[in-house]
Amino acid sequence: MKRLLSCAESQDLDASTRKLFGLDPLLLMEKASLRLWDRLSLYIDNSAELRAKGKNLAILALCGKGDNGGDALAMLRHARSAGFGNLKAIVSSQPLSPSAQAQRGFLLSAGIPCPEWGSLGEEEKACLYAEADIVLDGILGSGVRGAARGEALKMLEFMGTAEGSERAAPEGENQPLVVSIDLPSGLGDGWTKDMPAIKADLCLCLEPIKEICLSPSARTGCGSILSVGDVFPRDLIAEAGSSFLLEEDDLESLLEPISPESYKMSRGRVAIFAGSLGAAGAALLCAKAAIAAGAGYIYLYVDKGLYPLLACSGESFILRPLGAEAEIPECDVILAGPGWGIGEGRIPLLKALGSASERALILDADAIQILAKQPGLRASIRSPCALTPHPGEYKELLKSFGPPEEEPFSESIGALAKKLDMLVLAKSHISWIQGGNTRFVWEGMTPELGVAGSGDVLAGLFAGLLARKIARSRKVGATARFSRRALERSMEEAACAAVIAHGGAGRRLAGSSGWFDASQLVESCAMLVHGIDSREGARK
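Here we summarise the structure given alongside this text. (Residues numbered from 1 in each chain as written. Predicted model: local features only at pLDDT ≥ 70, side-chain atom pairs only at ≥ 80, totals over all residues. Heavy atoms only, no water.)

Moving on: the pairing of strand β4 (residues 134-138). Along β4, five of the five residues are buried, which leaves the element largely enclosed by surrounding structure. Alternating residues of β4 divide into Ile 134, Leu 136 and Gly 138 and Val 135 and Asp 137, and every residue in both groups is buried. Here strand β2 (residues 59-63) pairs with β4 via five bridges, running parallel. Paired with Ala 61 across the strands is Leu 136, a residue of β4. (Buried < 20%, exposed > 50% of the residue type's maximum accessible area, 1.4 Å probe, protein only. Helix = DSSP H or I, 4+ residues; strand = E, 2+ residues; numbered from the N terminus. Pairing = 2+ DSSP bridges.)

Rendered as structure tokens:
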């Protein structure tokens, strides 16, 4: 896992680094700008179109008054040292920060034009933009507060960020590669989707990456994200923030080991309450995904009218009809909601399912809709609970429990999880997992996963992986692990493992099969999880 930071935490890290080494801001800027240029230079070398321009590649830096603008100016200096000669900058007309002013002076000494924004006419600006192959976005940095305004807003509008505006070069003319430095200008901790921000083609993000860049509504505006490391000390990074970016390599450490002598009852027990007439597939996918996760004993409870239709489908799980009085089996995890419907009869059942404080509960799909429509239900749920809403369900939860939907996503998910005292796995092209004081982010960006049943597979994986963790704790006899906090921690780890397995399997399928259906996804998840389990077993 890699750290993610808020913009405020990033600024604290910058200050801590300068204090640790007694650095002048200009010295830290030198290191950062060198790393940024080296990363961009590698990108240029790997791009046939840009590489073909040779040293005549035209680079324009659009620079605000702060240190982000100074980084862009310093990158031009490094480009000049590397032999590139077609370099220009447009700098803010406002007083520049000392570091940015120094960088401008260095460029002027080298004969690189750096006119002020206010000294140029609109036609001159558009011409400079259209002649560029690369435009470095150094208008605003992580210190921005609220929406851009004044000259900075005019620069953003010039770059085509305002509603109804277009980039400075009209369609059909040269459209340069827009490269944002650290984060697209306009983004910040308080950013919401109605605020203007640069739409970058490429974002060179200093590690740790700013978590706003991975907000679902901001991610597409960042283009391709390339991380730039070795700027800040590792020990200071390790102490910063409480958000993490999940990577596929993290899955192995998150899976509970399976011993060679394990059997079905030792790998966890899951009870699934899902499906209704017309939505039988959701129930089957959940059960099969829990099996794919490695859980050993699966109960599937369905309405009596659905039972005959599924009676021949339960070769590897226990299928039971759901009567007026729910018979809740002894199990480690309950999953409720996929394809369930939202009839009134579900309300007392949800109360019963969430009545045991020592048993984990996962609410998905229709169960989330019921909770959102009946917020009073929250008081009757005593089980450690996780919610897995898609964007529409997430909005419904915000309407019932707050905060307002207009709040920045990073703030709303934290507030919602705290208000409900539940883990929230908000799934979309970027999935966020908000636990008690920690959050995890999975950068999905796999449109092939947008298929009917994909969410049911994720819910089943989550339940199965959580059951494995609880069963492991029961086997080793660690009573302390059954505390509520221990269960909640297991939920966080299982949720992380589920989104990685789900996303990693989806990427593999997309690469080998193109578009796929949810049944194929279950098989791919099983292969991915089992492959790691097999490696673990071989090491024993």
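Now, onward.
Attention now moves to the sheet that holds strand β7 (residues 209-210). What holds strands together in a sheet is hydrogen bonding between their backbones, with the strands either parallel or antiparallel. With mixed pairing, the twelve strands of this open sheet are ordered in space as β7-β1-β9-β18-β17-β16-β15-β14-β13-β10-β11-β12. The open sheet has two edge strands, β7 and β12 (318-322), and neither has a second partner. Note that strand β9 (residues 243-245) and strand β18 (residues 439-443) share three bridges and pair parallel. Counterpart to Leu 245 in the pairing with β18 is Val 441. Across the face of the sheet, helix α1 (residues 7-21) comes into contact with β1 (2-5) and β7 while running at roughly 105° to β1. Sitting on the sheet, helix α12 (residues 346-353) touches β10 (269-273), β11 (297-303), β12, β13 (333-336) and β14 (360-363), and the angle it makes with β13 is about 160°. (Contact = heavy atoms within 4.5 Å. Axes fitted to C-alpha atoms, helices over the stretch in contact; angles between N-to-C directions.)

As enumerated under the stated definition, the model contains 27 salt bridges in all. Notably, a salt bridge pairs Asp 14 with Arg 18, separated by 2.9 Å at the nearest N-O pair. Taken together, the residues Asp 14 and Arg 18, both in helix α1 and four residues apart, mark about one turn of the helix. For Arg 18, a relative accessible area of 27% corresponds to the partly exposed category. With a shortest N-O distance of 2.5 Å, Glu 443 and Arg 219 are connected by a salt bridge. With Glu 443 in strand β18 and Arg 219 in the loop between β7 and β8 (224-228), the pair connects residues that are 224 residues apart, well separated along the chain. Look at the salt bridges and you will find they share partners, linking Glu 256, Lys 469, Arg 484, Arg 485, Glu 488, Arg 489, Glu 492 and Glu 493 into a network. (Salt bridge = Lys/Arg side-chain N within 4 Å of Asp/Glu carboxyl O.)

This part is about α1. Between the first and last C-alpha of α1 there are 22 Å, a value that for 15 residues agrees with the 21 Å anticipated at 1.5 Å per step. Among the residues making up α1, those that are buried are Cys 7, Ser 10, Leu 13 and Thr 17. Burial along α1 is one-sided: seen end-on, the buried residues are contained in an arc of 110°. Close packing links the buried residues of α1 with β1, α2 (25-46), β7 and α8 (234-238). Gly 22 sits one or two positions beyond α1 and adopts a positive phi of about 65°. (Expected span 1.5 Å × (residues − 1). Arc of directions from axis to C-beta.)

So yeah, pure geometry; function would need other evidence.
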